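Okay, here's what each chain looks like letter by letter:
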Amino acid sequence: MKQFCNSVLVLLITTQVAFSQVRIVKELDVNWKFKKGEINDAFQVDFNDSKWETVTVPHDWAIYGPFDKEVDKQTVAIVQNGEEVASEKTGRTGALPHIGTAWYRNKFTIPQYEKGKKVILLFEGAMSEPQVYLNGKKVGEWAYGYSYFYFDVSKSIIDGENTLAVEVSNKEFASRWYPGAGLYRKVSVIVKNKENINQWGTTITTPIISNEFANVQVKTETTGQNTNLVTAIYNAKGKQVAIEKTSTQFGNQFIQNIKVINPSRWSPENPYLYTAKTQLFVDEILKDEVSTRFGIREIKYEANKGFSLNGEVRKFKGVCLHHDLGPLGTAVNKAALRRQLTILKDMGCDAIRSSHNMPSLEQLELCDEMGFMFLAESFDEWAVPKVKNGYNRFFEEYAEKDIVNLVRATKNHPSIVMWSSGNEVPDQWGTAGVKRAKWLQDIFHREDPTRPVTVGMDQVEAVMESGFGALLDVPGLNYRVHLYDEAFEKFPQGFILGSETASTVSSRGIYKFPVVQEKMKQYPDFQSSSYDLEACSWSNVPDEDFVLQDDKPWVIGEFVWTGFDYLGEPTPYDESWPSRSSYFGINDLAGLPKDRFYLYRSRWNTTDETLHILPHWNWKGREGEKTPVFVYTNYNSAELFVNGKSMGIQKKNHSTPQNRYRLMWMDVNYEPGTLKVVAFDDDGKPVAEKEVKTAGKPYKIVLSPDRKTIKADGKDLSYVTVSVVDKNGIECPTATNQLKFKVTGNGTFRAACNGDATSLELFHLPTMKLFSGKLVVTIQSKTQVGAIQLKVTGKELKRGNLNLDSTN
């Protein structure tokens, strides 16, 4: 594993600004025309699109609904779930209208365009199978909806108005979750001189790091003759710390070794970023310039020791994330991503797995900035299908191209510490799959020899026998906790990664009785209990993974399924309409934390106090009945009181996995009033307390924004948590009031979400029911600076009012 002891990496940031007038990057985000349907001549320049809808890109056409059980209804046996008999799955891909064909058209001009320039058309993701036309001529196509790709359109661009047309098509039976639909990531035009730095042509690594200095190696691929290169490195404060000029090329590549004195190392705790400004000259004339952020850090994966970052052994405290943003759909939005990562950071999470596809560039930029390690995944299918029209159709032709683009576009991000070539691929069976695994891993190694490769493996017994698991740099196990020890003994790597763990299911604020551990438990309301004891047939509750992480030094961490609920895959209610989104999330689809959030926080956040009580204490009709109380805390013991009467002291112990990580009072009889918990330190002294009270009738709406000031860029977001309280200010945890929202001023109502996996209310309409007493309203800025007002009303409720500001 020594080949992965190399360091650092970086990121090329593409923005709307021009670099010293030598390079223009123009994001095509506004004034797009959109129409769903098969239209034969929509690629033509003179096509009349005046009656089409005007949209902004990124755009997800399907998120606006309506929900419909017939959309992509699949009659299948989900092999990954151990099913042998096919059955009807109604919400597997979210029940939103993503199937079909649609067209996007955009007219744009290039300022001061001159013939002879190099022009690139860059797509960061198009769902899916995009056919791209410029000025009436086809300039390219791609297959995989998650890939970044670009076309050289230098011969097709004109001086004046250009017409770009893109056809995208989604087939049925092509996904296992909600894929979204359309141009859901950024589209840009890049204009350069004929002498230029190639697209994704900068590679930065640090082969040598010490406290005194770091060797920053910059490899730059260029086009043009008689050129020379100058690279200056700036620290996080913008101060130049090193510079080097060279005219020596190796083929089309410059190689510079630049010494940085007293380097600051990148880590989740200290996400320090440098910037390399690379300038290409012909004689003394500047021809191109690229700024590249990077971090200096060293990663190692070693037998019987595990993973280390900057010389310190640590375990991944990670989550898996699908690419949708809840009520926003898949249209990428940096403010929405930042909110997700802020929530996860507070939980103590330090790593993200992009499940099961290429991440957005915005997500990687934020992970670099905010301090998250990243497992960048590529495929959910190889040659053997999971779904009829999945990636298996493209694997032979596109797999290498897709990996190449993934690595070249993202390899410089310091956050990325590992690649994944696949997830639970059926190719785990048989010799052909072993050969495919090696072929893909070899491509990753060729493109980036500094990072290891894993695969999320669920057929653990098969890969132990076939050699599939043995050839991987990092053996990743999806679930199968009972096979960890055997896999460790049989695999040669000397460590195991929990590449996908837990898959516990729960619904925020919903509690079921009796409180017992269950697999694939279903209830008439299609919800799952938030006592966090319910899982799927193949999965487990969090505590079982905690034991492995704590007791097995060769287990190098975990990526929990999932950080947030996502659209589609409503296990254990795959066959139960109207369930249309997942129950797996630590946070719900609205981004509100479930109880499980605090269980993970009590382990992962080692700097802040965690003291959380569940369930709520509004149980009319359960008076005198057993109503267990759990406490999730970083303290090892606590005393529980019901209306001032002690229920005794509980201490964490090793009798069961649950008793080791939770404090549980199983014999509490419900009576209205006050639950109070007092936590003790290791010396037995009371150090913290928390109360939960029985609420009365809903009386007043309360609004709590995550941000009171947002940017007036037409994209920034404020997420406002809406709840109701009684006359004493106590939150009403079972409230289901129908509310209405009105936004005025320099903002717009963007979406609402209550986290209910069975709700068929549309996200973009300004009305929704509370679920377990809460929902979230998303407000988007306009491009004008000024005040924004939100008013929320409901029958027999005192309305809520909120003032926000948008600024430059």
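Residues numbered from 1 in each chain as written. Predicted model: local features only at pLDDT ≥ 70, side-chain atom pairs only at ≥ 80, totals over all residues. Heavy atoms only, no water.

Participant: Any chance you could break down the overall build of the protein chain for me, citing the residues and the numbers?
Facilitator: Tallying secondary structure elements over the protein chain gives 10 helices and 50 strands in all. For 808 residues, the compact-globule estimate of 2.2 N^0.38 gives 28 Å, and the C-alpha radius of gyration of the protein chain, at 27 Å, lies within 12% of that figure. Overall, the C-alpha framework of the protein chain stretches about 85 × 60 × 55 Å when taken along its three principal axes. Burial analysis of the protein chain (808 residues in total) assigns 63% to the buried set. (Helix = DSSP H or I, 4+ residues; strand = E, 2+ residues; numbered from the N terminus. Rg over C-alpha atoms; globule rule 2.2 N^0.38 Å. Buried < 20%, exposed > 50% of the residue type's maximum accessible area, 1.4 Å probe, protein only.)

Participant: So what's going on with the packing of helix H8 (residues 542–551) against helix H9 (residues 595–604)? Residues and values would help.
Facilitator: Look at H8 against H9: their axes get within 12 Å of each other, and the N-to-C directions meet at 10°. Relative to H9, the element H8 is oriented roughly parallel. The two elements H8 and H9 meet at a crossing, and its hand is right-handed. Facing H8, whose interface residues are Pro542, Asp543, Phe546, Gln549 and Asp550, H9 presents Arg596, Leu599, Tyr600 and Arg603. In the contact of H8 with H9, the residues fall into 4 nonpolar, 1 polar and 4 charged. (Axes fitted to C-alpha atoms, helices over the stretch in contact; angles between N-to-C directions. Parallel < 35°, antiparallel > 145°, perpendicular 65-115°, else oblique. Left-handed = near helix turned anticlockwise from the far one by under 90°. Contact = heavy atoms within 4.5 Å. Nonpolar A, V, L, I, M, F, W, Y, C, P; charged D, E, K, R; others polar.)

Participant: Outline the pattern of salt bridges, supporting the account with residue identities and numerical values.
Facilitator: Applying the stated criterion to the full structure yields 44 salt bridges. Measuring nitrogen to oxygen at the nearest pair gives 3.0 Å for the salt bridge that ties Glu70 to Lys73. Salt bridges sharing partners connect three or more residues here, namely Arg176, Asp380, Lys386 and Glu569. (Salt bridge = Lys/Arg side-chain N within 4 Å of Asp/Glu carboxyl O.)

Participant: So what about the sheet that holds strand S28 (residues 416–423)? Which residues, and what values?
Facilitator: Here 8 strands make up a closed barrel; going around it, the order is S25-S26-S27-S28-S29-S30-S31-S34 and the pairing parallel. For this sheet the average axis-to-axis angle between neighbouring strands, irrespective of direction, equals 25°. Sitting on the sheet, helix H2 (residues 361–370) is in contact with strand S25 (316–321), strand S26 (351–354), strand S27 (373–377) and S28, with an inclination near 160° to S27. (Pairing = 2+ DSSP bridges.)

Participant: Go over the packing of aromatic side chains, please, and point to the residues and values.
Facilitator: By the definition in use, this model includes 47 aromatic pairs. Arranged with centres 4.6 Å apart and planes meeting at 20°, the rings of Phe379 and Tyr391 form a pair that is stacked. Separated by 12 residues along the polypeptide, Phe379 in the loop between S27 and helix H3 (395–410) and Tyr391 in the loop between S27 and H3 bring together distant segments of the chain. Judged by its relative accessible area of 0%, Phe379 is buried. Under the relative-accessibility criterion, Tyr391 is labelled buried at 6%. (Phe/Tyr/Trp six-rings, centres within 6.5 Å; stacked < 30°, edge-to-face > 60°.)

Participant: Account for unusual backbone geometry, naming residues and giving values.
Facilitator: In the segment running from Met127 into Ser128, the intervening peptide bond is cis, with an omega of -5°. For Ser128, the location among the structural elements is in the loop between strand S9 (118–123) and strand S10 (131–134). That bond from Phe513 to Pro514 is cis: its omega, -5°, falls within 30 degrees of zero. Relative to the assigned elements, Pro514 resides in the loop between strand S31 (496–502) and strand S32 (518–519). For Asn31, which is not glycine, the phi torsion reads 65° and is therefore positive. Mapped onto the fold, Asn31 is located in the loop between strand S3 (23–27) and strand S4 (32–36).

Participant: Could you give an account of the sheet that holds strand S16 (residues 213–223), naming the residues involved and the relevant values?
Facilitator: Taken in spatial order, the 4 strands of this open sheet run S15-S16-S20-S19, and their pairing is antiparallel. Two strands in the sheet have a free side with no partner beyond their single neighbour: strand S15 (196–209) and strand S19 (249–250).

Participant: Residue-level account of the state of the cysteines, with values.
Facilitator: Every disulfide links exactly two cysteines, by a covalent bond between their sulfur atoms. Tallying each qualifying case throughout the model produces 0 disulfides. The closest cysteine sulfur to the non-disulfide-bonded Cys320 is located on Cys349, 9.9 Å from its own sulfur. By relative accessible area, Cys320 is classed as buried at 0%. (Disulfide = S-S within 2.5 Å.)

Participant: Report on H2, specifying residues and quantitative values.
Facilitator: Within H2, 9 of the 10 residues are buried, which leaves it mostly tucked inside the rest of the structure. Those residues of H2 that fall on the buried side of the exposure criterion are Leu361, Glu362, Gln363, Leu364, Glu365, Leu366, Cys367, Asp368 and Met370. Once H2 ends, the next one or two residues include Gly371, with phi positive near 90°.

Participant: Can you tell me about the pairing of S25, naming the residues and giving the values?
Facilitator: With 5 of 6 residues buried, S25 lies mostly within the body of the structure. Judged from the 4 bridges that link them, S25 and strand S34 (residues 555–561) form a sheet pairing that is parallel. Within S34, the position partnered with Phe316 by the bridge is Gly557. Note: S25 against S26, 4 bridges, orientation parallel.

Participant: Now, about the packing of helix H1 (residues 334–347) against H2: what can you tell me, with residues and values included?
Facilitator: Where H1 meets H2, the closest approach of the two axes is 10 Å, and the angle between their N-to-C directions is 40°. When the axes of H1 and H2 are compared, the pair comes out oblique. Note that H1 runs across H2; the crossing there is right-handed. Judged by residue contacts, Lys334, Leu337, Arg338, Leu341, Thr342 and Lys345 of H1 engage Glu362, Gln363, Glu365, Leu366, Cys367, Glu369 and Met370 from H2. Partitioning the contact of H1 with H2 into residue classes produces 5 nonpolar, 2 polar and 6 charged.

Participant: With reference to specific residues and values, describe H3.
Facilitator: Taking 1.5 Å of rise per residue, the 16 residues of H3 would be expected to cover 22 Å, and the 21 Å separating its terminal C-alpha atoms lies within 8% of that figure. Inspection of H3 places Phe395, Tyr398, Ala399, Asp402, Ile403, Val404, Asn405, Leu406, Val407, Ala409 and Thr410 among the buried residues, and these make up the whole buried set. (Expected span 1.5 Å × (residues − 1).)

Participant: Requested: an account of the side chain of Asn196, with residues and values cited.
Facilitator: Mapped onto the elements of the fold, Asn196 is located in strand S15. For Asn196, a relative accessible area of 1% puts it in the buried group. In terms of polar contacts, Asn196 uses its side chain to reach the side chain of Lys192, at 3.0 Å. Every residue in contact with Asn196, bar those within four places of it in the chain, is listed here: Lys118, Glu221, Thr222, Thr223, Leu280 and Asp288. (Polar contact = N/O pair within 3.5 Å; in protein donor to acceptor, adjacent residues only side chain to side chain.)

Participant: So, the side chain of Glu569: which residues are in play, and what are the values?
Facilitator: Relative to the elements of secondary structure, Glu569 occurs in the loop between S34 and H9. On the basis of relative accessibility, which here comes to 14%, the residue Glu569 falls in the buried class. If we ignore the near neighbours within four places in the chain, the residues touching Glu569 are Gly91, Arg92, Arg176, His322, Trp561, Ser582 and Phe584.

Participant: Outline the environment of Met370, supporting the account with residue identities and numerical values.
Facilitator: Here Met370 is to be found in helix H2. Taking the C-alpha atoms as reference points, Met370 and Pro271, separated by 99 residues in sequence, lie 6.3 Å from one another. Excluding residues that lie within four positions of it along the chain, Met370 makes contacts with Pro268, Pro271, Arg338, Leu341, Thr342 and Lys345.

Participant: Just give me the short version of the environment of Ser579, but keep the residues and values in it.
Facilitator: Here Ser579 shows up in the loop between S34 and H9. In contact with Ser579, not counting residues within four places along its chain, are Gly91, Phe526, Pro570, Tyr573, Ala757 and Thr758.

Participant: Quick rundown of the pairing of strand S40 (residues 674–680)? Include the residues and the values.
Facilitator: With respect to burial, S40 is a largely interior element, 5 of its 7 residues being buried. By the bridge criterion, 6 bridges tie strand S37 (residues 637–642) to S40 in an arrangement that is antiparallel. Bridge assignment links Ala638 to a residue of S40, and that residue is Ala679. Alignment of S40 against strand S41 (residues 686–693), held across 7 bridges, turns out to be antiparallel. By the bridge assignment, Thr674 is partnered in S41 with Lys693. Connecting S40 to the antiparallel partner S41 that follows it, the hairpin turn spans 5 residues, and Gly684 within it adopts a positive phi of roughly 85°.

Participant: So what's going on with the environment of His482? Residues and values would help.
Facilitator: Here His482 is to be found in the loop between strand S30 (474–478) and helix H7 (484–490). Residue His482 is classed as exposed on the basis of its relative accessible area of 63%. Along the sequence, His482 and Glu544 sit 62 residues apart, while their C-alpha atoms lie 9.7 Å from each other.

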